[in-house]
Amino acid sequence: MAAGSSSNWVMESAHDVPHVLAVDDNLIDRKLVEKLLRNSSCKVTTAENGPRALELLGLTSGGQNTMNDRSKVNLVITDYCMPGMTGYELLKKIKESSVMKEVPVVIMSSENIPTRINKCMEEGAQMFILKPLKQSDVKKLTCQLMN
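Now for a description of the structure that goes with this document.

Rules used throughout
Residues numbered from 1 in each chain as written. Predicted model: local features only at pLDDT ≥ 70, side-chain atom pairs only at ≥ 80, totals over all residues. Heavy atoms only, no water. Helix = DSSP H or I, 4+ residues; strand = E, 2+ residues; numbered from the N terminus. Buried < 20%, exposed > 50% of the residue type's maximum accessible area, 1.4 Å probe, protein only. Contact = heavy atoms within 4.5 Å. Areas by Shrake-Rupley, 256 points an atom, 1.4 Å probe, with all protein chains shown as cover. Salt bridge = Lys/Arg side-chain N within 4 Å of Asp/Glu carboxyl O. Arc of directions from axis to C-beta. Polar contact = N/O pair within 3.5 Å; in protein donor to acceptor, adjacent residues only side chain to side chain. Expected span 1.5 Å × (residues − 1).

**Observations concerning the overall build of the chain**
Phase 1: Assigned secondary structure in the chain consists of 5 helices and 6 strands.
Phase 2: For the chain, the succession of helices and strands along the chain, N to C, is β-β-α-β-α-β-α-β-α-β-α.
Phase 3: For the chain, with 147 residues in total, the buried portion stands at 46%.
Phase 4: Once local pairs closer than 6 in sequence are excluded, the contacts in the chain between residues at least 24 apart make up 64%.
Phase 5: Carbon together with sulfur atoms contributes 51% to the accessible area of the chain, which is approximately 7,700 Å² in total.

**A few points about the environment of L32**
Phase 1: Along the chain, L32 falls in helix α1 (residues 27-39).
Phase 2: Taking C-alpha positions, L32 is 9.2 Å from K134, a pair spaced 102 residues apart along the chain.

**Some details on the pattern of salt bridges**
Phase 1: A full pass over the atoms with the stated rule returns 8 salt bridges.
Phase 2: When the shortest N-O distance is used, the salt bridge between R52 and E55 registers 2.6 Å. With R52 and E55 both in helix α2 (residues 50-57) and 3 residues apart, this pair spans about one turn of that helix.
Phase 3: Looking at E55, the relative accessible area reads 34%, which means it is partly exposed.

**Observations regarding α2**
Phase 1: Of the positions making up α2, those classed as buried are G50, A53, L54, L56 and L57. For α2, the buried positions fall inside an angular range of 160 degrees around the axis, keeping them on one side.
Phase 2: In this fold, the buried residues of α2 make contact with β2 (19-23), β3 (43-47), β4 (75-79) and α3 (87-96).
Phase 3: The distance from a side-chain oxygen at the start of α2 to the backbone nitrogen of R52 is 2.7 Å, and the residue carrying that oxygen is N49.
Phase 4: G58, located one to two residues past α2, shows a positive phi value of around 75 degrees.

**Focus: the environment of P51**
Phase 1: On the secondary structure map, P51 appears in helix α2.
Phase 2: Between the C-alpha atoms of P51 and L90, which are 39 residues apart in sequence, the distance is 8.1 Å.
Phase 3: What P51 contacts, discounting residues up to four positions off in sequence, is T60 and M85.

**A look at α1**
Given 3.6 residues per turn, any residue in an α-helix points the same way as the ones three and four places further on.
Phase 1: Here α1 spans 18 Å end to end across 13 residues, near enough to the 18 Å set by a 1.5 Å rise per residue.
Phase 2: Buried residues of α1: R30, V33, E34, L36 and L37, and no others. Taken around the axis of α1, the buried residues stretch over an arc of 165 degrees, which confines them to a single face. Seen from the buried face of α1, the exposed residues on the opposite side, beyond 90 degrees, are I28 and K35.
Phase 3: With a side-chain oxygen lying 2.9 Å from the backbone nitrogen of I28, the N-terminal cap of α1 falls on N26.
Phase 4: After α1 finishes, the residue S41 shows a positive phi value of roughly 60 degrees.

As structure tokens, then:
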């Protein structure tokens, strides 16, 4: 079950491979997300927490993007419940950034809490997906990225 917004987000070229930043503190969940995304022909970079994701995106105080410009992220998919910084807090930081605010952010959670889902969608999440993530969920995401 996924809630989505109607805005369209498109990659710059149909020949590009979507680059997804997957953020989850749980190694098994992170590996699963990575595998599903790779199965859908995505380039995947993983981060174990929100601060690391911000570092990779160049949104830390130093402001240096640790991925080169050719590795521009087309989508961020993050777990909601993580220690230190929740997926919601990560979403807010990305949406507050002038450089990254257009990048779609998808939130994943094992808990179906309507107030949490609504809060994330109001803050600008592209979609809220219930775990466990399935290949069909990833296909929906990549179809939106490609079209």
